[in-house]
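So you can see what is in the structure, the chains are spelled out below.
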Amino acid sequence: MRISKSNLGIIYLGIIYMVGIVGILLPIHPEFIRLTPLNLLVSLGTVLLFHPHWSKNTGIALGALFVFGFLAEVFGVNTGLLFGTYAYEEVLGWKLWNTPLMIGVNWMLLGYCCGVIVNQFFPKLSWWQKGPLASAMMVFLDLFIEPVAIQYNFWEWPGGVVPLQNYLGWYLVSLPLLSLFAYLQGQIRNKVAFALLLMQLLFFAVLTFF
């Protein structure tokens with residue numbers, strides 16, 4: 001039986017995330033968690049490898065997710081006005097203005113995956129309907145990300161308590177970005193992106209409860 005290229009991509013990502021779960025929980029090495037930036041880059045590269053149709057609009061949508069997602073985090077971490085008071089640790093690597101560059105990659109990766117999933121399951125909705133749904137999906141995933149991020153020193157909140165403001169901020173930032181994505185890329189499908197978001201959800205859920 002011949003395995004399709006997209007299924008090979010899914011298997012490849014599945015192996016990476018399984019190794020990640022095992023490596024963090026055992027732990028294999030105390031610095032294993034510092035491979036997170038590499039994991040983000042490999043995940044993004046693999047997902048975009050299976051993007052079905054590249055165009056100028058694709059570049060605009062992805063660029064907006066990276067640039068404005070990163071700048072929102074810069075504003076948020078330096079003022080406390082958008083997401084609340086928090087600070088990044090060293091796990092995500094190099095920082096600019098107290099903000100890891102990888103956080104822009106994370107916004108691009110999650111935004112793309114959420115946008116594509118909404119396209120897949122709600123193809124008949126207009127772009128202004130898809131945007132809020134994809135943003136809600138981003139916030140739902142963040143509910144699972146936050147406990148792990150705190151536990152493994154991705155970032156820190158005073159007293160380890162994540163304020164409601166954080167989730168409201170995520171929604172407000174992601175809404176225009178994912179509405180733009182839906183407007184520019186509203187017909188795009190990518191089953192590798194769908195599989196990756198499920199893997200991320202499983203990854204953070206396992207680390208949260210174990």
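Look a little higher up for the structure.
If you're wondering where the values come from, they're calculated on a predicted model, not measured in any experiment. (Residues numbered from 1 in each chain as written. Predicted model: local features only at pLDDT ≥ 70, side-chain atom pairs only at ≥ 80, totals over all residues. Heavy atoms only, no water.)

## A look at the overall build of the chain
- What the chain contains, in helices and strands, is seven helices and four strands.
- Listing every helix and strand of the chain by position from the N terminus yields α-α-α-β-β-β-α-α-β-α-α.
- On C-alpha atoms alone, the chain measures out to a radius of gyration of 17 Å, which is about the 17 Å that the 2.2 N^0.38 rule sets for 210 residues.
- Considering only contacts within the chain whose residues lie at least 6 apart along the sequence, 77% involve residues at least 24 apart.
- Surface summary for the chain: the accessible area is close to 10,600 Å², and the carbon and sulfur share equals 72%.
- Placing the 9 positive and 7 negative side-chain charges of the chain at their respective mean positions leaves the two points 26 Å apart. (Helix = DSSP H or I, 4+ residues; strand = E, 2+ residues; numbered from the N terminus. Rg over C-alpha atoms; globule rule 2.2 N^0.38 Å. Contact = heavy atoms within 4.5 Å. Areas by Shrake-Rupley, 256 points an atom, 1.4 Å probe, with all protein chains shown as cover. Lys, Arg positive; Asp, Glu negative; His and termini not counted. Charge placed at Lys NZ, Arg CZ, Asp CG, Glu CD.)

## Some details on the packing of aromatic side chains
- For the structure on display, the rule yields 13 aromatic pairs.
- On the numbers, 5.7 Å between centres and 80° between planes, the contact of Y112 with F181 is edge-to-face. Remark: F181 occurs in helix 6 (residues 164-185) and Y112 occurs in helix 4 (residues 102-121); sequence separation between them is 69 residues. Across this residue pair, the class does not change: Y112 and F181 are buried.
- Here a set of aromatic residues connected by ring pairs shows up, and it is made of F83, Y86, Y88, F154, W155 and W157. (Phe/Tyr/Trp six-rings, centres within 6.5 Å; stacked < 30°, edge-to-face > 60°. Buried < 20%, exposed > 50% of the residue type's maximum accessible area, 1.4 Å probe, protein only.)

## So, the pattern of salt bridges
- Tallying each qualifying case throughout the model produces two salt bridges.
- A salt bridge links E31 to R34, with the shortest nitrogen-to-oxygen separation between them at 2.5 Å.
- Since its relative accessible area comes to 41%, E31 is described here as partly exposed.
- As a salt-bridge pair, E90 and K95 come within 3.3 Å of each other at their nearest N and O atoms.
- For E90, a relative accessible area of 45% translates into the label partly exposed. (Salt bridge = Lys/Arg side-chain N within 4 Å of Asp/Glu carboxyl O.)

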